[in-house]
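Okay, here's what each chain looks like letter by letter:
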Amino acid sequence: MKNTKKLSRGLSCVAGEYLVAGQLSNLGYLATITLRNSKGIDILCSNEGGNRIVSIQVKTNQCSERGWVLDKKGEEMFNDNFFYVFVNLNTNTGNTPDFFVVPSKIVADNLRLSHKQWIDTPNRNGGKHTDTRMRKFRDSDGKYLNNWSTLGL
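Just so we're clear, the structure is a prediction, and the values are computed from it rather than from any experiment.

Colleague: Tell me about helix 2 (residues 104-120), and please be specific about residues and values.
Modeller: An ideal rise of 1.5 Å per residue puts 24 Å on 17 residues; helix 2 measures up with 24 Å between its terminal C-alpha atoms. If you check which residues of helix 2 are buried, you get Ser-104, Val-107, Ala-108, Leu-111 and His-115. Projected onto a plane normal to the axis of helix 2, the buried residues spread over an arc of 100 degrees and lie on a single side. Along helix 2, exposed side chains directed more than 90 degrees from the buried face belong to Leu-113 and Lys-116. In this structure, the buried residues of helix 2 make contact with strand 4 (67-71), strand 5 (82-88), strand 6 (98-103) and strand 7 (134-138).

Structure, rendered in structure tokens:
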């Protein structure tokens, strides 16, 4: 069902986290949403045996665009047990949500490279772009769409 009402940013974020936790549970994993003061980690997830645990940061947008805004600190936040799940709620299309599961190292490298390319490209007036803390991760070709096996659980 198509939602014509735009959700607040807070509701959109919470919806994404619960959708990811539900999807992980449906796949047979143990998923726990962390408290709001858990910096950078939205979900802790393990296999059923509990011998492999990963931390997940969820980034949600309401549309169907395969791009999500992050901060510069995303360039430095990575390890083998840390993943991002990017969610498109698809409220503008009425389609079910899409999930993009990406290792944090891939995100960090992508943010660094794409930002450098943006800085090195002249702006529409031919001048230099002004550097900001904002970065954008994109998965235009859907390489990470529903790629849950990436978690290695």
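Colleague: Explain the side chain of Ser-104 to me, and be specific about the residues and the numbers.
Modeller: Checked against the element boundaries, Ser-104 lands in helix 2. Setting aside its immediate chain neighbours within four residues, Ser-104 contacts Met-77, Phe-78, Asn-79, Phe-82, Phe-83 and Tyr-84.

Colleague: Would you mind going over helix 1 (residues 9-26) in detail, with residue names and values included?
Modeller: Look at helix 1: 26 Å from first C-alpha to last across 18 residues, which is about the 26 Å you get at 1.5 Å a residue. For helix 1, the secondary structure elements touched by its buried residues are strand 1 (30-33), strand 2 (43-46), strand 3 (53-61), strand 5 and strand 6.

Colleague: An account of the pattern of salt bridges is requested, with residue identities and associated values reported.
Modeller: Taken as a whole, this structure holds six salt bridges when the rule is applied. The closest approach of N and O atoms between Glu-65 and Lys-136, which form a salt bridge, is 2.8 Å. Of the two residues, Glu-65 is situated in the loop between strand 3 and strand 4 and Lys-136 in strand 7; the sequence distance between them amounts to 71 residues. Relative accessible area serves as the criterion here: at 37%, Glu-65 is assigned to the partly exposed category. With a relative accessible area of 25%, Lys-136 lands in the partly exposed category.

Colleague: Residue-level account of the environment of Pro-97, with values.
Modeller: The topology assignment puts Pro-97 in the loop between strand 5 and strand 6. With 81 residues separating them along the chain, Pro-97 and Gly-16 place their C-alpha atoms 8.8 Å apart. Setting aside residues no more than four positions away along its own chain, Pro-97 makes contact with Leu-19, Val-87, Asn-88, Leu-89 and Asn-90.

Colleague: Got a sec to walk through the confidence of the model for the protein chain? Specific residues and values, please.
Modeller: Mean pLDDT for the protein chain: 90, with 96% of residues reaching 70 or above. Considering each helix and strand of the protein chain separately, the mean pLDDT is smallest for helix 1, with a value of 90, and largest for strand 6, with 97.

Colleague: Which residues make up the packing of aromatic side chains, and what values go with them?
Modeller: Enumeration over the complete set of coordinates arrives at seven aromatic pairs. Between the aromatic rings of Trp-68 and Phe-100, the centroid separation amounts to 5.1 Å while the plane-to-plane angle is 55 degrees, which identifies the pairing as tilted. Note that Trp-68 is positioned in strand 4 and Phe-100 in strand 6, a separation of 32 residues in sequence. Residues Trp-68 and Phe-100 agree in their burial class; the two are buried. Through a chain of ring-to-ring contacts, the aromatic side chains of Trp-68, Phe-82, Tyr-84, Phe-86, Phe-100 and Phe-137 assemble into a single cluster. The lysine or arginine in question, Lys-105, covers the ring of Phe-78, its NZ or CZ lying 4.7 Å from the ring centre.

Colleague: Give a description of the sheet that holds strand 5 that names residues and reports values.
Modeller: If you walk across this open sheet you meet the five strands as 1-2-3-5-6, and the pairing is mixed. Two strands lie at the open edges of the sheet, namely strand 1 and strand 6, each paired on one side alone. Each strand of the sheet is rotated relative to its neighbour by a mean of 25 degrees, with strand direction disregarded. As paired strands, strand 3 and strand 5 are joined by seven bridges and run parallel to one another. Residue Asn-61 lies in a different strand from strand 5, and its bridge partner there is Asn-88. Across the face of the sheet, helix 1 comes into contact with strand 1, strand 2, strand 3, strand 5 and strand 6 while running at roughly 135 degrees to strand 3.

Here is what the cut-offs are and how they apply
- Residues numbered from 1 in each chain as written.
- Predicted model: local features only at pLDDT ≥ 70, side-chain atom pairs only at ≥ 80, totals over all residues.
- Heavy atoms only, no water.
- Helix = DSSP H or I, 4+ residues; strand = E, 2+ residues; numbered from the N terminus.
- Expected span 1.5 Å × (residues − 1).
- Buried < 20%, exposed > 50% of the residue type's maximum accessible area, 1.4 Å probe, protein only.
- Arc of directions from axis to C-beta.
- Contact = heavy atoms within 4.5 Å.
- Salt bridge = Lys/Arg side-chain N within 4 Å of Asp/Glu carboxyl O.
- pLDDT = per-residue confidence, 0-100.
- Phe/Tyr/Trp six-rings, centres within 6.5 Å; stacked < 30°, edge-to-face > 60°.
- Lys NZ or Arg CZ within 6 Å of the ring centre and 35° of its normal.
- Pairing = 2+ DSSP bridges.
- Axes fitted to C-alpha atoms, helices over the stretch in contact; angles between N-to-C directions.

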